[in-house]
Amino acid sequence: MISDPLNIIIATAISFVFLSLIFIPMEKVFPAKENQSTFRPKWILDFCFFIGQYVLWSSLVLWSLNYFSEYLSSIIPISFQEKIKSQPFIFQVLEVLLISDFLIYWGHRLQHSIDFLWRFHKVHHSAQHLDWLAAHREHPLDSIYTIGLINLPAFIIGFPLESIAGIIAFRGIWAIYIHSNVRLPLGPLRVLIGAPELHHWHHDLNRRAGNYANVSPIMDKLFGTYVCPNHEPEKFGINEETPNNYLGQLIEPILPKKLWIIVKKYIN
Amino acid sequence: MKGSLIKVLTIILFVCLITTFVCYRSGVFEKKEENKVISQDTSQFQVKTTDIISSTKSIILTDDLIKNIPKRDSIIPDSTKINYKTPEVKSPKLRKIPDSLISSSKSSLIVSPKDIERIQRELDSVSKDTTNHD
């Protein structure tokens, strides 16, 4: 079902204002990079990604996941789903969250090591300035991969995610927070919940810098990829040439390299 | 001193906004309507129920409520309140994508068009209620 365009615009505007209200004061008062202004270079590019995500791609992502979910529900035996559902609710919640974290950890790690997946994921890593808006720099196919993987356990067991809507909301907003230009150490809590200072190292120039976990760094601790120096990385981004504009960022990953060389002359 | 105050206030604002958002998403604000008597004016009869949890479901519930009420009730309003529950239909092959999804590890949709539609519906129902009571 396609929503009313006016509602899409209102939702996008409310989200933008709300997120600005949450993160800009934090970035001003606790900056990780003190010299970085709100309207830093490539702000417009990230703003395009933000608009694109809300206006265009969220429907595509939902449609794909709907298709995927229906396929899964047809291949998973109902008896298996019923068996899992018969467990106490708290166990189901823990299972869904832990398995999701496990899957997204390895899925994310693969995105950094397999070239085909990196093609799409590098769009997110091409940001040279990190803040809450840069979190939205994400290729739509990368979103489908990530959201599909993270929701896979819930799809398989038919777990009602609405029942943990609060936890999901917190994870979502925290995922944006860890990209923000904030340095506010969480102390001992950092072992349980990720912080910007950890995720900033994930955006280091080194493609295999570590900190692949989603919100909680537990998986990084378990699999030995936890990195936390007591200072900020010198530079963010990737050691590869990337398109300067929105269209180029969307098209480059889906084209063969030879074809991209021809196309980029017109796009850049 | 002034710097510390600004820092404390910024953290308070940050925590408050995130808490509000999480509460909104988990339906805390909708619970206020749980005990609110919602009336459905169908021009023939008035149905009252206190069993409404979320506004999205309320429409389905009231629709079913209207369908399930015997015709006699539409002529003679029952003074004893009856709450009808929507029968749960299990249809695994028709399972649809849930409203809540764990978001990407990078970002998340904060307000979706569905939220706007829901808010509009809530506002409409509130204004209808007010009109009915006037």
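As for the overall build of chain A
Argument step 1. If you tally the helices and strands in chain A, you get 11 helices and 0 strands.
Argument step 2. Against the 2.2 N^0.38 benchmark of 18 Å for 268 residues, chain A shows a C-alpha radius of gyration of 19 Å, consistent with a compact globule.
Argument step 3. C-alpha extents for chain A along the principal axes are approximately 55 × 45 × 40 Å.
Argument step 4. Looking at chain A as a whole, 53% of its 268 residues are labelled buried.
Argument step 5. As displayed, chain A has an accessible area near 12600 Å², and 69% of this comes from carbon and sulfur atoms.

What about the interface of chain A and chain B?
Argument step 1. In this assembly, 62 residues from chain A lie in contact with 36 residues from chain B.
Argument step 2. Counting each side, the surface lost to burial between chain A and chain B is near 4400 Å², with a carbon and sulfur contribution of 71%.
Argument step 3. Counting across the interface, chain A meets chain B through 0 residue pairs in polar contact (both at pLDDT 80 or more).
Argument step 4. Breaking the side of chain A that touches chain B down by element, the ones donating at least two residues are helix H1 (5-29), helix H2 (43-75), helix H3 (78-85), helix H4 (89-113), helix H5 (115-125), helix H6 (140-157) and helix H7 (165-177) of chain A.
Argument step 5. Counting residues per element, the side of chain A that touches chain B draws most heavily on H1 of chain A, which supplies 14 residues.
Argument step 6. Here the residues of the side of chain A that touches chain B are counted per class, giving 34 nonpolar, 21 polar and 7 charged.

Observations concerning the pattern of salt bridges
Residue and element names in this part refer to chain A.
Argument step 1. Within this structure, the stated rule accounts for 10 salt bridges over all chains.
Argument step 2. The partner of Asp131 in a salt bridge is Arg40, with the nearest N and O atoms 2.7 Å apart. Placement of Asp131 in the loop between H5 and H6 and of Arg40 in the loop between H1 and H2 is noted, with a sequence separation of 91 residues between them. One exposure class covers both Asp131 and Arg40, and it is buried.
Argument step 3. Taking the shortest distance from any N to any O, the salt bridge between Asp101 and Arg171 comes out at 2.8 Å. One end of the pair, Asp101, is in helix H4; the other, Arg171, is in helix H7, and 70 residues separate them in sequence.
Argument step 4. The class of Arg171 is buried, set by a relative accessible area of 9%.
Argument step 5. Ionic contacts of the salt-bridge type, sharing partners, join the residues Arg40, Asp46, Asp131 and Arg137 into one network.

Notes on the confidence of the model for chain B
All names here are of chain B.
Argument step 1. Averaged over all residues, the pLDDT of chain B equals 61, while 40% of them reach at least 70.
Argument step 2. Mean pLDDT values for the elements of chain B range from 32 in helix H2 (residues 55-68) up to 93 in helix H1 (residues 2-25).
Argument step 3. Below a pLDDT of 50 lies the segment residues 34-75, which in the model reaches 60 contacts outside its immediate sequence neighbourhood of four places, other chains included.
Argument step 4. Ignoring residues within four places in sequence, the model shows residues 89-95, a span with pLDDT below 50, making 9 contacts including any to other chains.
Argument step 5. Here the predicted complex scores 0.77 on pTM and 0.88 on ipTM.

Quick word on a nonpolar patch on the surface
Residue and element names in this part refer to chain A.
Argument step 1. Residues Phe102, Trp106, Leu189, Leu192, Ile218, Leu222 and Phe223 make up a contiguous nonpolar surface patch of roughly 660 Å² in combined accessible area.
Argument step 2. If you list the elements that add at least two residues to the nonpolar patch, you get H4 and helix H9 (218-223).
Argument step 3. It is H9 that contributes the most residues to the nonpolar patch, 3 residues altogether.
Argument step 4. With respect to the secondary-structure elements, Ile218 resides in helix H9.
Argument step 5. Of the residues examined, Ile218 reaches a relative accessible area of 37% and is grouped as partly exposed.

Brief notes about the packing of H5 of chain A against H6 of chain A
Residues and elements named next belong to chain A.
Argument step 1. Where H5 contacts H6, the axes come no closer than 8 Å and their chain directions differ by 105°. One way to sum up the angle between H5 and H6 is to call them roughly perpendicular. In this structure, H5 uses Leu117, Phe120, His121 and His124 to contact H6, whose residues at the interface are Leu141, Asp142 and Tyr145.
Argument step 2. Its residues placed into classes, the contact of H5 with H6 shows 4 nonpolar, 2 polar and 1 charged.

Observations concerning the environment of Pro25 of chain A
Argument step 1. One can find Pro25 of chain A in helix H1.
Argument step 2. Spatially, the C-alpha atoms of Pro25 of chain A and Val182 of chain A are 9.9 Å apart, while their sequence positions differ by 157 residues.
Argument step 3. Excluding anything up to four places from it in sequence, Pro25 of chain A contacts Ser20 of chain A together with Thr10 and Leu13 of chain B.

Points about the packing of H4 of chain A against H5 of chain A
Residues and elements named next belong to chain A.
Argument step 1. The geometry of H4 relative to H5 is characterised by a closest axis approach of 6 Å and an angle of 95° between their N-to-C directions. In terms of their interaxial angle, H4 and H5 are classed as roughly perpendicular. On H5, the residues touching His108, Leu110, Gln111, His112 and Ser113 of H4 are Asp115, Leu117, Trp118, His121 and His125.
Argument step 2. By residue class, the composition of the contact of H4 with H5 is 3 nonpolar, 6 polar and 1 charged.

Overview of the nonpolar core
Argument step 1. Ranked by size, the top nonpolar core spans 31 residues in total, and within it Leu19, Phe23 and Ile173 of chain A together with Ile110 of chain B carry the most contacts.
Argument step 2. The set of elements that each furnish at least two residues to this core consists of H1, H2 and H7 of chain A together with H1 of chain B.
Argument step 3. Of the residues forming this core, the biggest block, 7 residues, is contributed by H1 of chain A.
Argument step 4. Apart from the residues within four sequence positions on either side, Phe23 of chain A is in contact with Trp132, Ile173, Ile176, Tyr177 and Ser180 of chain A together with Phe14 of chain B.
Argument step 5. With 10 residues, the next largest nonpolar core counts Ala154, Ile157, Ile164 and Ile168 of chain A among its residues.

A short note on H4 of chain A
Argument step 1. For H4 of chain A, spanning 25 residues, the distance from its first C-alpha to its last is 36 Å, which sits close to the expected 36 Å at 1.5 Å a residue.
Argument step 2. Listing the buried residues of H4 of chain A in full gives Gln92, Val93, Val96, Leu97, Ser100, Asp101, Ile104, Tyr105, Gly107, His108, Gln111 and His112 of chain A.

What counts as what
Residues numbered from 1 in each chain as written. Chains lettered and ligands numbered in written order. Predicted model: local features only at pLDDT ≥ 70, side-chain atom pairs only at ≥ 80, totals over all residues. Heavy atoms only, no water. Helix = DSSP H or I, 4+ residues; strand = E, 2+ residues; numbered from the N terminus. Rg over C-alpha atoms; globule rule 2.2 N^0.38 Å. Buried < 20%, exposed > 50% of the residue type's maximum accessible area, 1.4 Å probe, protein only. Areas by Shrake-Rupley, 256 points an atom, 1.4 Å probe, with all protein chains shown as cover. Contact = heavy atoms within 4.5 Å. Buried area = accessible area lost by both parts, 1.4 Å probe. Polar contact = N/O pair within 3.5 Å; in protein donor to acceptor, adjacent residues only side chain to side chain. Nonpolar A, V, L, I, M, F, W, Y, C, P; charged D, E, K, R; others polar. Salt bridge = Lys/Arg side-chain N within 4 Å of Asp/Glu carboxyl O. pLDDT = per-residue confidence, 0-100. Patch = residues over 30% accessible without salt bridge, like charges linked within 9 Å, V, L, I, M, F, W, Y side chains within 5 Å. Axes fitted to C-alpha atoms, helices over the stretch in contact; angles between N-to-C directions. Parallel < 35°, antiparallel > 145°, perpendicular 65-115°, else oblique. Core = buried A, V, L, I, M, F, W, Y, C linked by side-chain atoms within 4.5 Å. Expected span 1.5 Å × (residues − 1).

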